[in-house]
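Descriptive analysis of the structure
Here are the chains, one letter per residue:
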Number of protein chains: 2
Amino acid sequence: MVSRKQHGQISDCPIALGLDSIGDHWSLLIVRDLLFGKHEFREFLDSDESISSNILTDRLGKLQEQGIVAWRYHPDSRKRKLYYLTCKGKDLIHVLVPLVRWALKYHGDEARIPPAQQAALASGPEGFIQATLAALEDWESAFEVDTKDAATRV
Amino acid sequence: MVSRKQHGQISDCPIALGLDSIGDHWSLLIVRDLLFGKHEFREFLDSDESISSNILTDRLGKLQEQGIVAWRYHPDSRKRKLYYLTCKGKDLIHVLVPLVRWALKYHGDEARIPPAQQAALASGPEGFIQATLAALEDWESAFEVDTKDAATRV
DNA sequence: CACTATACTTGCATTATGAAAGTAAAACCT
DNA sequence: AGGTTTTACTTTCATAATGCAAGTATAGTG
C-alpha cells in the first residue's frame, strides 16, 4: 500500500475536507475518466496523463474508501473489473465543470477538449452536466449497476 | 526553493491544466484565506491547517507566477506585504463554492463554517459569491489595489 | 544601537511519487 | 491439458516533495 492518509484531516473547514478527498494530482482525473465513459483499469492507465499503475491502484482504493467509486465484475469475465462512480462521485461534476470553465478562461489557448465533449459543452454548463449524467445512466442500466448503493464490494 | 513544477503540464485536458495550477494540498486553502479577508504571511501561517513557512513561501511564489496572487507593501510598513487575489484568483470562487457545497453535502457532520460566512452562505450560492466579492472589493479600494493588473511586483 | 517583527531560507529527516519489473489468477488457444 | 495472454495489481528502488526546527536578512521600534 503506497499510502493511506491524504492530508490527514487537518481542519473542519469544508474546503479542507473536500481537498482531503480529491485534492491530489490524480483523484479528480480518475473521476473525470469515470464521468466520461472509462470504466476499466487499463483505460485509466491509457489516459493522456499516463498514471503509474501503483498510484492508480492506490487512488482507486482511496476513492472506494470514501464512497466515491465502486466496482463490479465485468459480466463477460471475472478478471475484469468495472469501476463506476457512486452518487457522491457523480456529484463531483458540479466541481469539475467550474474548474473546466476557469481553466478554459485563463488557459484556453493550451487546452484541448475531446470532440465527444465539444458538442455537449456547446449547450452550456447545465446542458453539459445533464448530457454527461444521462450518458452515465445509460451505461449504468446497460451494466446493471445501482449507484444508490455506495457500498464497496471486496 | 522547494519546488517549481507542480505536475508538469502532462496533458492538454482543461481539468489537468486546472489541477496543475491549484491541484495541490495548499494552494486552494491559501486562495480561500485570501478570499475571506486574510492578506498577510503571518495570517496564513496562523490558519487552522498550520502550513509550514517554507511551503507557504513556495506556494505564494507559484500562485504569483501564475498570476493568481499579487502583493503590495503595507502602507504602514515596508516590512509587511499585503497579498491579494487577481481577477484570475478571485474567479476561483466559482470552483470553491461548489466544492464547499459538495463537502457539506457528504461531510457536513464533520464540517464547521466560521460565523462570518454563515450569514452570507444562507443567501444561497450566488448571494454568497456576491457578498464575498463585494467585501473583497471594499478591501481593495481601502488599500488601493487594482486587481485588473495581474503583474507581479518583485 | 540593541531589540523585535516580518518574511523568508536552510538543513535534514520523513513521506509520497513514479518507472519498471514482477506476480497471481482468470481466460483463451491450440 | 498445458502453455500463453490479459488483467489487475505489488514490489522495488531511486527521486522528489513535505514538514519541522532553526537560522537569516531587513525594516521598524524604544
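The structure reproduced in this document is the subject of the present report. Given the structure is predicted, the values throughout are model-derived calculations rather than measurements.

As a further point, take the overall build of chain A. A count of helical and extended segments in chain A gives eight helices and two strands. Its helices and strands in sequence order give chain A the pattern α-α-α-α-β-β-α-α-α-α, from N to C terminus. Taken across its 154 residues, chain A has 53% of its residues classed as buried. Long-range contacts, defined here as pairs at least 24 residues apart, represent 55% of the contacts in chain A between residues at least 6 apart. Per element, the accessible surface of chain A, about 7400 Å² overall, is 52% carbon and sulfur.

Near DNA strand D lie 21 residues; those nearest to it are Ser53, Lys81 and Tyr83 of chain A together with Asn54 and Arg59 of chain B. Per the 4 Å cut-off to the protein, sugar and phosphate atoms form 65% of the nearby atoms of DNA strand D. Within the side chain of Arg59 of chain B, a nitrogen or oxygen atom sits 2.8 Å from a phosphate oxygen of DNA strand D. Take Arg78 of chain B: an N or O atom from its main chain is 2.8 Å from a phosphate oxygen of DNA strand D. For the surface near DNA strand D, the secondary structure elements donating two or more residues are helix H3 (41-45), helix H4 (53-65) and strand S2 (77-85) of chain A together with helix H4 (53-65) and strand S2 (77-85) of chain B.

Residues and elements named next belong to chain A. Relative to each other, helix H6 (residues 93-107) and helix H8 (residues 124-142) sit at 135 degrees, their axes nearing to 11 Å. Accordingly, the angle class assigned to the pair H6 and H8 is oblique. By crossing handedness, the relation of H6 to H8 is classed as right-handed. Residues Ile93, His94, Val97 and Arg101 of H6 lie in contact with H8, whose contacting residues are Pro125, Phe128, Ile129, Thr132 and Leu133. A breakdown of the residues in the contact of H6 with H8 according to their chemical character gives six nonpolar, two polar and one charged.

Between the two copies of the chain lies a relationship made up of a rotation around an axis and a movement along it. Rotating chain B by 180 degrees and moving it 0.0 Å along the rotation axis overlays it on chain A with an RMSD of 0.0 Å. In short, the pair behaves as if placed about a two-fold rotation axis. The overlap is high: 100% of the interface residues of chain B also sit at the interface in chain A, so the same surface is used on both sides.

This paragraph deals with the protein's contact with DNA strand C. Residues in close proximity to DNA strand C total 21 residues, the closest being Asn54, Arg59 and Arg78 of chain A together with Ser53 and Tyr83 of chain B. Sugar plus phosphate, as a fraction of atoms of DNA strand C within 4 Å of the protein: 62%. One nitrogen or oxygen atom from the main chain of Arg42 of chain B is found 3.5 Å from a phosphate oxygen belonging to DNA strand C. For the surface near DNA strand C, the secondary-structure elements that each account for two or more residues are H4 and S2 of chain A together with helix H3 (41-45), H4 and S2 of chain B. Looking at the surface near DNA strand C residue by residue, the class counts come to five nonpolar, eight polar and eight charged.

This paragraph deals with the packing of helix H2 (residues 27-35) of chain B against helix H6 (residues 93-107) of chain B. Residue and element names in this part refer to chain B. Contact geometry of H2 with H6 gives a least axis separation of 11 Å together with a crossing angle of 105 degrees. Compared by their axis directions, H2 and H6 come out roughly perpendicular. In this structure, H2 uses Leu28, Val31, Arg32 and Leu35 to contact H6, whose residues at the interface are Ile93, Leu96 and Leu99. Class assignment for the residues of the contact of H2 with H6 results in six nonpolar, no polar and one charged.

Turning our attention to the nonpolar core. Within the largest apolar cluster, 74 residues are counted, with the highest numbers of intra-cluster contacts made by Ile68 of chain A together with Ile68 of chain B. When sequence neighbours within four positions are dropped, the list of residues in contact with Ile68 of chain A reads Ser21, Ile22, Val31, Leu63, Tyr84, Leu85, Thr86, Lys88, Gly89 and Leu92 of chain A together with Trp102 of chain B.

Right, let's talk about the environment of Lys88 of chain A for a bit. With respect to the secondary-structure elements, Lys88 of chain A resides in helix H5 (residues 87-90). The spacing of Lys88 of chain A and Val69 of chain A is 19 residues in sequence and 8.4 Å in space, taken between C-alpha atoms. When sequence neighbours within four positions are dropped, the list of residues in contact with Lys88 of chain A reads Gln66, Gly67 and Ile68 of chain A together with Trp102, Tyr106 and His107 of chain B.

Once that is clear, we can look at empty space enclosed by the protein. Under the criterion given, the structure shown has three cavities of 30 Å³ or more. Computed from the structure, the largest cavity encloses a volume of approximately 100 Å³. If you go around the largest cavity, the residues you meet are Leu19, Ile22, Gly23, Leu28, Val95 and Leu99 of chain A together with Leu19, Ile22, Gly23, Leu28, Val95 and Leu99 of chain B. For the lining of the largest cavity, the secondary structure elements donating two or more residues are helix H1 (14-22) and H6 of chain A together with helix H1 (14-22) and H6 of chain B.

Next up on the list: the environment of Glu49 of chain A. All names here are of chain A. For Glu49, the position within the fold is in the loop between H3 and H4. Each C-alpha atom, one on Glu49 and one on Trp26, is 9.2 Å from the other, the two residues being 23 residues apart in sequence. One polar contact links Glu49 to Arg32, side chain to side chain, over a distance of 2.8 Å.

Attention now moves to the pairing of strand S1 (residues 69-74) of chain B. Residues and elements named next belong to chain B. Burial runs high along S1: five of the six residues are buried. Where S1 meets S2, six bridges bridge the pair, whose relative direction is antiparallel. Within S2, the residue paired with Arg72 across the bridge is Leu82. Linkage of S1 to S2, two consecutive antiparallel strands, is achieved through a turn of two residues.

Cut-offs and rules
Residues numbered from 1 in each chain as written. Chains lettered and ligands numbered in written order. Predicted model: local features only at pLDDT ≥ 70, side-chain atom pairs only at ≥ 80, totals over all residues. Heavy atoms only, no water. Helix = DSSP H or I, 4+ residues; strand = E, 2+ residues; numbered from the N terminus. Buried < 20%, exposed > 50% of the residue type's maximum accessible area, 1.4 Å probe, protein only. Contact = heavy atoms within 4.5 Å. Areas by Shrake-Rupley, 256 points an atom, 1.4 Å probe, with all protein chains shown as cover. Near = heavy atom within 4 Å. Polar contact = N/O pair within 3.5 Å; in protein donor to acceptor, adjacent residues only side chain to side chain. Axes fitted to C-alpha atoms, helices over the stretch in contact; angles between N-to-C directions. Parallel < 35°, antiparallel > 145°, perpendicular 65-115°, else oblique. Left-handed = near helix turned anticlockwise from the far one by under 90°. Nonpolar A, V, L, I, M, F, W, Y, C, P; charged D, E, K, R; others polar. Least-squares fit on C-alpha atoms with pLDDT ≥ 70 in both. Core = buried A, V, L, I, M, F, W, Y, C linked by side-chain atoms within 4.5 Å. 1 Å grid on protein atoms, 1.4 Å probe; cavity = no way out; pocket = protein on both sides within 12 Å on 5 of 7 lines; lining within 4 Å. Points joined across faces, edges and corners; volume = space filled by probe spheres on them. Pairing = 2+ DSSP bridges.

Nothing here speaks to function; it is geometry throughout.
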